[in-house]
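Chain by chain, the residues run as shown.
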Amino acid sequence: MAACLQTHFLKTIPFQFRSSTSSSKPTSLRCTCSAATPSTKKSYKITLLPGDGIGPEVVSVAKDVLLLTGSLHGIKLEFQEKLLGGAAFEATGVPLPDDTLSVSKQSDAILLGAIGGYKWDKNEKHLKPETGLLQLREGLQVFANLRPATVFPQLVDASTLKREIAEGVDLMVVRELTGGIYFGKPRGFGTNEQGQEIGFNTEIYAAHEIDRIARVAFNIARKRGGKLCSVDKANVLEASMLWRKRVTALAEEYPDVELSHMYVDNAAMQLIRYPKQFDTIVTNNIFGDILSDEASMITGSIGMLPSASLGDSGPGLFEPIHGSAPDIAGQDKANPFATVLSAAMLLKYGLGEVEAAERIESAVLETLNKGFRTADIYSAGTKLVGCKQLGEEILKSVESHVPATVGV
């Protein structure tokens, strides 16, 4: 299916996940993931969180794409824009205002741009933009972060790896999002016995946290290539020892999935040496944060990759995996593809509007096939454009809805 991004990632979400607290009653990871049939509801509330840096630029493009796509499919989209990150701090004194969280919880789905910037690097920790994002994820109770890394045939030469290494890479990183060292307690600052200042954090996981993310990953692997690699540091960390124990035990319920284990340092090396060996990777919060960014660069640009963060209930959070790129903010240089593809994931898994999502996916491929590129993915023989013009070209492709084909 040319309109499905020539990848597995938009076809891999299982219809149901079983709760770790019950072996007999399956639970959905939000209707978001189980939307295999068109929804009967045609009016939705979307919370937009443009954030900082290039966030407002790429979200503006994605909003236009959503509006046009919705109008062509009889879908009414109501948008509410709220503050998050540095922008929220400047306006309200905190990185996640109560109003932002409240409105987000009441929406059908949330589209986020990017947060952070050098301007706020010296803020106290609780006032940093990144803290606002962590609080948002925790407040929404989204524990499963799905980050695909796929090398598009049109962009294989944009990869920093040799063509023979990068070509054909199509993997999914399933990252646990609300546990581990980013949330573990105790944490803080103090003084040791020698009177030296110290900083400390706690890497901690409960069995149910491991089980629920592992089930998500097993189900995704089952619908992809049938291979799951669990990444940990079980030779050193007790939390990883429990992680490996729980994942290994759950593997008995998935005899059709080939499970392997890999230490995180080796996984980081193998992603560069031979990334095609991976199909689905499951790992903890901090390892997933690092490895998914590494995997994204195999594709040629972090500006191409969307993500979805989902929970047992409530709205999903959809965002590009790139950062706020303050060095190019406001210069019309941002690549909006990842945010537009995040909007497609929002339609498909957040709202169950599969046909509308596939129109956007097809439009992205058609735009690539026409040769339009932002600076981060530009190569000789293609057309260098800015964020706004690329958005206009995507809109043209959405409207024409010409099925895309492989190759430029």
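Our subject is the structure that appears above.
Residues numbered from 1 in each chain as written. Predicted model: local features only at pLDDT ≥ 70, side-chain atom pairs only at ≥ 80, totals over all residues. Heavy atoms only, no water.

### Here we look at the packing of aromatic side chains
By convention here, two paired aromatic rings are described through the distance between centres and the angle between planes.
Then, number 1: A full pass over the atoms with the stated rule returns two aromatic pairs.
Then, number 2: Measuring from ring centre to ring centre gives 5.5 Å for Tyr 205 and Trp 243, while their planes differ by 70°; the resulting arrangement is edge-to-face. With Tyr 205 in the loop between β9 (197–200) and α7 (207–223) and Trp 243 in helix α8 (residues 238–250), this pair connects stretches of sequence that are 38 residues apart. The same class applies to Tyr 205 and to Trp 243, which are both buried.
Then, number 3: Geometrically, the ring pair formed by Phe 218 and Tyr 254 is stacked, given 4.6 Å between the ring centres and 5° between the ring planes. Of this pair, Phe 218 sits in helix α7 while Tyr 254 sits in the loop between α8 and β11 (258–263); the two residues are 36 residues apart in sequence, bridging distant segments of the chain.
Then, number 4: The exposure class of Phe 218 is buried, given its relative accessible area of 0%.
Then, number 5: One residue, Arg 212, lies across the ring of Phe 143, its end atom 4.2 Å from the ring centre.
Then, number 6: Note that Lys 383 overlies the ring of Phe 372, its terminal NZ or CZ placed 4.8 Å from the centroid. (Phe/Tyr/Trp six-rings, centres within 6.5 Å; stacked < 30°, edge-to-face > 60°. Helix = DSSP H or I, 4+ residues; strand = E, 2+ residues; numbered from the N terminus. Buried < 20%, exposed > 50% of the residue type's maximum accessible area, 1.4 Å probe, protein only. Lys NZ or Arg CZ within 6 Å of the ring centre and 35° of its normal.)

### Focus: the pattern of salt bridges
Proximity of charged atoms lets side chains of opposite charge pair with each other.
Then, number 1: Taken as a whole and assessed by the stated rule, the structure comprises 19 salt bridges.
Then, number 2: Among the ionic pairs, Arg 137 bridges to Glu 319, the shortest N-O distance being 3.6 Å. Here Glu 319 lies in strand β14 (residues 316–320) and Arg 137 lies in helix α5 (residues 129–140), a separation of 182 residues in the sequence. Each member of the pair Arg 137 and Glu 319 is classed as buried.
Then, number 3: Arg 224 is the partner of Asp 279 in a salt bridge, and the nearest nitrogen-oxygen pair spans 3.5 Å. In this pair, Asp 279 sits in the loop between α9 (264–273) and β12 (280–283) while Arg 224 sits in the loop between α7 and β10 (227–232), placing the two residues 55 residues apart along the sequence. The same class applies to Asp 279 as to Arg 224, namely buried. (Salt bridge = Lys/Arg side-chain N within 4 Å of Asp/Glu carboxyl O.)

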